[in-house]
Amino acid sequence: MKVLKFGGTSVANPENINKVKSILSNQKQVKIAVVVSAFGGITDLLLNASNLASEQNVKYKSSLKEIEDRHISAIRELIPVKSQSAALSKVKSELNILETLLEGAFLIGELTPKLSDKIVSYGELLSSFVICEFLKSEGLDVIFKDSRELITTDNNFGKANVEFKKTNADCETYFASNQHQITMLPGFVASSISGDLTTLGRGGSDYTAAIIAAAVNADILEIWTDVSGMYTANPKLVKQAKCVSNISYQEAMELSHFGAKVLYPPTIQPVLGKAIPIAIKNTFDPENPGTLITKNHNGNGKTVRGISHVGNISLLSLEGPGMIGIPGISKRFFETLSLKNISIVLITQASSEHSICVGIADEDADIAEEVVNETFEYEIATRKIKPVIVEKDLTIVALVGDNMKSHQGLSGKMFSTLGKNNVNIRAIAQGASERNISAVIRKEDVKKALNSLHETFFEENIKQLNLFVMGVGNVGSKFLEQIRQQKTYLKEELKLNVRVIGISNSRKMIFDEGGISLKEWENALANGIPTDKEAFFDRINSLNYRNSIFVDNTASAEVSESYSKYLKNSISVVTCNKIASSSDYGYYKELKQLAKQYNAPYLFETNVGAGLPIIDTLKHLIASGDKVRKIQAVLSGSLNFIFNSFNDKTTFHDVVKQAQEQGYTEPDPTIDLSGIDVMRKILILARESGYQLDIDDIENEAFLPEESLNADSNEAFFESLTKYEAKFQQLYNDADAVDCKLKYVAQFEDGKAKVGLQQIPKGHDFYNLEGSDNIVLFFTDRYVDQPLIIKGAGAGADVTASGIFADIVRIGNF
């Protein structure tokens, strides 16, 4: 014999009920007991109606009308017209009784547990009757049996305790004599020894099925729901969650206790002793094997079988010096909560006996605080114990697995993963069986915690990076294209799943929690919402994704001032914007400290040399113990291009214009030609070398006339270049006369820095520097006579984008 249970979503509407019929029709030559829940949403309507009625709110009638309409409509859609009369009459009769019960609650303005059980039971009683009548009309050999006649309980209304001796005997007797292939039973409902209707608790239809399965020694118990088994994590929160094909009873119990909604926690208990397998199946994908729960399963050697969570938790902490070494404190604490029927879901106590901490439901927190403070009123008054501390809006996350006890380091791996993602742990608990490791965290961190833990324990070390890109001009658009082109390579070779979640330019911004299509991002952005930098940050922060990275491709001072806010929220920052790292030394140091404190990298490789690994190389020199003594560099690809292109056959105006049009200079060319850009770069290198320096400490030997430097527009700037052409030609001729080339050089030595135009003779490392290339010479304690040289393309959107890309990969490998 088999026992099948169908949940609320499986019987939510006529379409789904037809799927149930198809499943039952395929159960050939085997007797089956079918337990059903209420139609999806009906239990909530019943609870709402009863609460409104007890508050003497006439709106309860609207809920009652919806309940009636759902059932009458189902009958008319499922059962042929000629067979509808009896079914409609029975359902309307039952609905009249329900209406009377609700009217009673309305008149007395009260809802007792006993009355509540009677009202809420109608969900299962009506659904099982309607489905049974439908199956009969379809020619199936089915009979209705009221579970109240089989399952006997005590009088603990709302969550009654089963009297198994009588229940088992009654089930055995009935099914031994029953000749029908299919027996239809309402879940959730039972009857007390005194004959009153009782219920088995919310979700108790699973329990009904398990009780019957155990009583008749069924071959298997099948739980049919809307998902294909038990998953490694909640698939609604963790997109990469996978179905677990086999799992042990103990593992299933742990997962169901900690929020795996496909199974009601007590379900396993009745079948556990008889080793009856439980199959979790999908009504909407019946061919999917789902999950099989059995007595013993080694999980193919896997340590962690699932990650689950239970929300709406409060921590109740009792602490004080008066607790140390005093017997009975714990007893009084737990007894106080027990007397108020407050269930404890987690317990942790310091070995010093200075404190006890328990996890309870949020809804019980206020009454728990009140009664515990009353119990320890004397100790609180004498300051032996502090008033109880309550922390609300928390969630428990748990790792579950039978094999965890034989593997070292799992706790460390779990807590390290949470720590790296700035998920603060408020309490920790682990049972002696070591089958479960639990941590209490803020509810806002649940999604991030589940995804980061799932990535660590289940995803073959594939790390997901979530990018939020501000600025999609030349550099930003090239960067997005490089991400699109390399997405497969990154995932297959580097085990990095890079997703772009948000994009913003100066006008519009867009977000897509599943990842923006990098083939269509331009059209999507054009139809986005108006840009708001604060709103952009707020959205990133509220999404609270693990491995979040803010990518700044702008040259905005305002944006650079927001970096500290991102880092404080554990959002990494990657930027080609030089302003932050070359601003006030205090802000630069603050950003570096915040990156360490919040475990959120702050990377700016492209601040110097575009895609050249200059800063990264410098960091490795310093980390290995080397000391930088001197830096000589040509750091402006723009200026190098300009002076490589400028000669006595061209004009300085035309060469600078060409550089601007080809994207070598900033939109405002004075930033490049004034030397301020080079000053920022040498400043950053000096700081990264370990020296404290500010921009005002750098000597700038300007070659531009004052009129050009002070031009208030690009038009005025270019007009001044034409005006002073003779001056620029003189600079060229003076260098050419001594067989030198003009290079704009940055130098740092003995704690001092300067930038300026220099004549470079033949044989010098800078002499043959072509196009827009950059070159840096590091003289260190190890590279004394022959410097460490880094040379290559130092300007252009493609190479700058590749430098940003490299920083993203560095974070992925962090």
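All residue numbers here refer to positions counted from 1 along the written sequence of the relevant chain. The model is predicted, so local features are restricted to residues of pLDDT at least 70 and side-chain atom pairs to those at 80 or more, both for listing and for counting; the totals for chains, interfaces and linings are taken over all residues. Heavy atoms throughout the structure, all of them, feed into the side-chain values; hydrogens and water do not.

### Observations regarding the overall build of the chain
Rules: Under the DSSP-based scheme used, a helix requires at least four consecutive residues in state H or I and a strand at least two consecutive residues in state E, with every element numbered from the N terminus. Radius of gyration here uses only the C-alpha atoms, and the compact-globule reference equals 2.2 Å multiplied by the residue count raised to the power 0.38. Partly exposed residues are those whose accessible area sits between 20% and 50% of the maximum for their type, while under 20% is buried and over 50% is exposed, using a 1.4 Å probe and protein chains only. Note on contacts: a residue pair is in contact if any heavy atoms of the two residues lie within 4.5 Å.
Of regular secondary structure, the chain possesses 30 helices and 30 strands. What you see for the chain is a C-alpha radius of gyration of 36 Å, clearly larger than the 28 Å of a compact globule of 814 residues, by over 25%. Summarising its shape, the C-alpha atoms of the chain cover approximately 115 × 70 × 55 Å along the three principal directions. Relative to its 814 residues, the chain shows a buried fraction of 53%. When contacts within the chain are restricted to residue pairs at least 6 apart in sequence, those whose partners lie at least 24 apart make up 71%.

### Things to note about the nonpolar core
As a reminder, the rule being used: Joining through side-chain atoms within 4.5 Å is the link that ties buried Ala, Val, Leu, Ile, Met, Phe, Trp, Tyr and Cys residues into a set, and such a set is a nonpolar core.
Within the largest apolar cluster, 77 residues are counted, with the highest numbers of intra-cluster contacts made by Phe-550, Phe-652 and Phe-703. It is helix H26 (residues 676-688) that contributes the most residues to this core, 7 residues altogether. Discounting chain neighbours no more than four positions away, the residues touching Phe-703 are Leu-639, Phe-643, Phe-652, Leu-673, Lys-727, Phe-728, Leu-731, Tyr-744 and Leu-757. Within the second largest apolar cluster, 54 residues are counted, among which are Phe-39, Leu-46, Val-130 and Leu-197.

### Some thoughts on the packing of aromatic side chains
Stated precisely, the cut-off is as follows: Pairing of aromatic side chains requires ring centres within 6.5 Å, counting the rings of Phe and Tyr and the six-membered ring of Trp. Pairs whose planes differ by under 30 degrees are stacked, by over 60 edge-to-face, and all others tilted. To sit over a ring, a charge needs its Lys NZ or Arg CZ within 6 Å of the ring centre and within 35 degrees of the ring normal.
One pass over the full model with this rule turns up 22 aromatic pairs. Summarising the aromatic geometry, the rings of Phe-652 and Phe-703 are spaced 6.2 Å apart at their centres and angled 90° between planes, so their arrangement reads as edge-to-face. With Phe-652 in helix H24 (residues 652-661) and Phe-703 in the loop between strand S26 (698-701) and helix H27 (706-709), this residue pair connects regions lying 51 residues apart in the sequence. Among the residues examined, Phe-703 registers a relative accessible area of 6% and is labelled buried. Linked through ring pairs, Phe-468, Phe-511, Phe-536, Phe-537, Phe-550, Tyr-563, Tyr-566, Tyr-602 and Phe-604 together constitute an aromatic cluster. Residue placement shows Lys-627 over the ring face of Tyr-691; its charged tip is 4.7 Å from the ring centre. In this structure, Lys-630 is placed above the aromatic ring of Phe-779, and the distance from its NZ or CZ to the ring centre is 5.2 Å.

### Concerning the side chain of Ser-772
With respect to the helices and strands, Ser-772 occurs in the loop between strand S28 (752-761) and strand S29 (773-780). On the accessibility criterion, Ser-772 (9% relative accessible area) is buried.

### A look at the environment of Leu-757
Residue placement: Leu-757 occurs in strand S28. Sequence-wise, Leu-757 and Ala-215 are 542 residues apart; in three dimensions their C-alpha atoms are separated by 94 Å. Ignoring any residue separated from it by four or fewer positions in sequence, one finds Leu-757 in contact with Phe-643, Glu-701, Phe-703, Leu-731, Leu-742, Lys-743 and Tyr-744.

### Concerning the pairing of strand S6 (residues 189-192)
Convention followed: A pair of strands counts as paired when DSSP detects no fewer than two bridges linking them.
A two-sided burial pattern is seen for S6, the buried positions comprising Val-189 and Ser-191 on one face and Ala-190 and Ser-192 on the other. The pairing of strand S4 (residues 152-153) with S6 spans 2 bridges and is parallel. Residue Thr-152 lies in a different strand from S6, and its bridge partner there is Ser-191. Count of turn residues in the S6/strand S7 (residues 197-199) antiparallel hairpin: 4 residues, of which Gly-195 carries a positive phi of about 95°.

### Regarding the pattern of salt bridges
Under the convention used in this document: The term salt bridge refers to a pairing of a side-chain nitrogen on Lys or Arg with a carboxyl oxygen on Asp or Glu at a separation within 4 Å.
In total, this model carries 34 salt bridges according to the counting rule given. The salt bridge involving Glu-222 is made with Lys-2; its shortest N-O contact spans 3.2 Å. Of the two residues, Glu-222 sits in strand S8 (residues 220-225) while Lys-2 sits in strand S1 (residues 2-6), which places them 220 residues apart along the sequence. Residue Glu-222 is classed as buried on the basis of its relative accessible area of 8%. Residue Lys-2 is classed as buried on the basis of its relative accessible area, which comes to 16%. Close ionic contact of Glu-513 with Arg-539 constitutes a salt bridge, the shortest N to O distance being 3.5 Å.

### Section: the sheet that holds strand S30 (residues 788-793)
The line we're drawing: To define axes, lines are fitted to C-alpha atoms, for helices over the stretch in contact only, and angles between the resulting N-to-C directions are given on a 0 to 180 degree scale.
Across the sheet, 6 strands lie side by side as S26-S28-S27-S25-S29-S30; this open sheet has mixed pairing. On the outer flanks of this sheet lie S26 and S30, each paired with one strand and no other. Across the sheet, the axes of successive neighbouring strands diverge by a mean angle of 20°, strand direction being ignored. Summarising the sheet, S29 and S30 pair through 6 bridges and their orientation is antiparallel. By the bridge assignment, Val-776 is partnered in S30 with Ile-790. Taken strand by strand, H26 contacts strand S25 (628-634), S26, strand S27 (740-749), S28 and S29, and its axis lies near 40° from that of S27.

### Thoughts on the layout of surface pockets
To keep it simple, the criterion reads: The pocket and cavity definitions rest on a 1 Å grid over protein atoms only: a 1.4 Å probe that fits but cannot leave marks a cavity, an open set with protein on both sides within 12 Å along at least five of seven lines marks a pocket, and residues lining either have an atom within 4 Å of a point. Grid points are joined across faces, edges and corners, and a volume is the space filled by probe spheres set on the points.
In this structure, the second largest pocket spans a volume of roughly 1100 Å³. If you go around the second largest pocket, you meet 45 residues; those closest to its centre are Val-475, Asn-553, Ala-555, Glu-666 and Pro-667.

### Quick word on the side chain of Asn-282
Our working definition: Whenever two N or O atoms come within 3.5 Å, that pair is a polar contact, provided that in protein one can donate a hydrogen and the other can accept it, and provided that, for residues adjacent in sequence, both atoms are side-chain atoms.
Mapped onto the elements, Asn-282 comes out in strand S10 (residues 278-282). Judged by relative accessible area, which is 8%, Asn-282 ranks as buried. Looking at Asn-282, its side chain comes within polar contact range of the side chain of Ser-228, at 3.0 Å. Among the polar contacts listed, one links the side chain of Asn-282 to the backbone nitrogen of Phe-284, at a separation of 2.8 Å. Once you skip the residues sitting within four places of it in the chain, Asn-282 turns out to touch Trp-224, Thr-225, Asp-226, Val-227 and Ser-228.

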